[in-house]
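The primary structure of each chain is shown beneath.
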Amino acid sequence: GAVVSQHPSWVICKSGTSVKIECRSLDFQATTMFWYRQFPKQSLMLMATSNEGSKATYEQGVEKDKFLINHASLTLSTLTVTSAHPEDSSFYICSAREVISSYNSPLHFGNGTRLTVT
Amino acid sequence: DAKTTQPTSMDCAEGRAANLPCNHSTISGNEYVYWYRQIHSQGPQYIIHGLKNNETNEMASLIITEDRKSSTLILPHATLRDTAVYYCIVSGTASKLTFGTGTRLQVTL
């Protein structure tokens, strides 16, 4: 089945530094990937839609200059949290869908990246 | 995307069938019903999805009412490993998924 891999699975960084999270579709190509964020005891919140070869689409209230998304290939999207602060500490999860013309395939999710900003 | 309503929590004895309900009364004709679950500190896991027919796979069965306003996810023989938050999501083809609060299923001995 379709596998989405995220790296790293956890990261600790100091306030003011930047952190890059990678999301790869391992056995399929994905023109679109989605980035979510989840705070403790809350549900997943969509942050942005990553489009291969074009600019990402951000949800309302998400700062595009703070959360930089690059979708350089059909199997890789990256999320960079710039100038991270403690309030950015969260669980970041990416997802992707294999495009099959005759089938409405589901989104598959990575195992998430837990970011802690100290 | 149509909104869904799920019970906040449910309990199920191990070995028994777990029936998780979901209401989606405002679902549109081209929207699918998706079920995912999230085990603590992991990414959501896809379970099953359907448009209007009942569906079954190795994990679960999905029963969608004829008017499509509600559905039930059935785990036929729940195990302790099925303890998770289960999300019912309604979405169009190739669209993003919007997560609600889900149902916290606790499987007990």
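Residues numbered from 1 in each chain as written. Chains lettered and ligands numbered in written order. Predicted model: local features only at pLDDT ≥ 70, side-chain atom pairs only at ≥ 80, totals over all residues. Heavy atoms only, no water.

## As for the overall build of chain A
Argument step 1. When helices and strands are counted, chain A shows 0 helices and 11 strands.
Argument step 2. N-terminal to C-terminal, the α/β element order of chain A is β-β-β-β-β-β-β-β-β-β-β.
Argument step 3. Against the compact-globule benchmark of 13 Å for 118 residues, chain A has a radius of gyration of 14 Å, which places it among compact chains.
Argument step 4. Considering only C-alpha atoms, chain A reaches an extent of 45 × 25 × 25 Å along its principal axes.
Argument step 5. Within chain A, the proportion of its 118 residues that are buried is 51%. (Helix = DSSP H or I, 4+ residues; strand = E, 2+ residues; numbered from the N terminus. Rg over C-alpha atoms; globule rule 2.2 N^0.38 Å. Buried < 20%, exposed > 50% of the residue type's maximum accessible area, 1.4 Å probe, protein only.)

## A look at the sheet that holds strand S9 (residues 103–108) of chain B
Residue and element names in this part refer to chain B.
Argument step 1. Strand order across the open sheet formed by 5 strands is S1-S9-S8-S3-S4, with mixed pairing between neighbours. At either margin of the open sheet sits one strand with a lone partner, and together these are strand S1 (9–13) and strand S4 (45–50). Taking each pair of neighbouring strands and ignoring which way they run, the sheet shows an average axis angle of 25°. (Pairing = 2+ DSSP bridges. Axes fitted to C-alpha atoms, helices over the stretch in contact; angles between N-to-C directions.)

## With respect to the state of the cysteines
Argument step 1. By the definition in use, this model includes 2 disulfides over all chains.
Argument step 2. Shown here is the disulfide that connects Cys23 of chain A with Cys94 of chain A, its sulfur atoms set 2.0 Å apart. The chirality of the disulfide connecting Cys23 of chain A with Cys94 of chain A is right-handed, given an S-S dihedral of about 80°. Remark: Cys94 of chain A occurs in strand S9 (residues 90–97) and Cys23 of chain A occurs in strand S3 (residues 19–25); sequence separation between them is 71 residues. One exposure class covers both Cys23 of chain A and Cys94 of chain A, and it is buried.
Argument step 3. Bridging Cys22 of chain B to Cys88 of chain B, the disulfide has an S-S length of 2.1 Å. Taking the sign of the torsion about the S-S bond as the criterion, the disulfide between Cys22 of chain B and Cys88 of chain B, at about -80°, is left-handed. Of this pair, Cys22 of chain B sits in strand S2 (residues 18–23) while Cys88 of chain B sits in strand S8 (residues 84–91), and the two are 66 residues apart along the sequence. Per residue, the accessibility class of Cys22 of chain B equals that of Cys88 of chain B, and both read buried.
Argument step 4. Left unpaired, Cys13 of chain A is separated from the closest cysteine sulfur, that of Cys94 of chain A, by 18 Å. (Disulfide = S-S within 2.5 Å.)

## Points about the packing of aromatic side chains
Argument step 1. Here the structure, examined in full by the defined rule, presents 9 aromatic pairs over all chains.
Argument step 2. Ring centres 5.1 Å apart and planes at 85° place the aromatic pair Tyr87 of chain B and Phe99 of chain B in the edge-to-face group. Here the residue Tyr87 of chain B occupies a position in strand S8, and Phe99 of chain B occupies one in the loop between S8 and S9, the gap between them amounting to 12 residues.
Argument step 3. Three or more aromatic residues joined by ring pairs form one cluster here, namely Tyr36 and Phe109 of chain A together with Tyr36, Tyr46, Tyr87 and Phe99 of chain B. (Phe/Tyr/Trp six-rings, centres within 6.5 Å; stacked < 30°, edge-to-face > 60°.)

## Some thoughts on the pairing of S8 of chain B
Argument step 1. With 8 of 8 residues buried, S8 of chain B lies mostly within the body of the structure.
Argument step 2. Neither face of S8 of chain B is left uncovered, since the one carrying Ala84, Tyr86, Cys88 and Val90 of chain B and the one carrying Val85, Tyr87, Ile89 and Ser91 of chain B both have all their residues buried.

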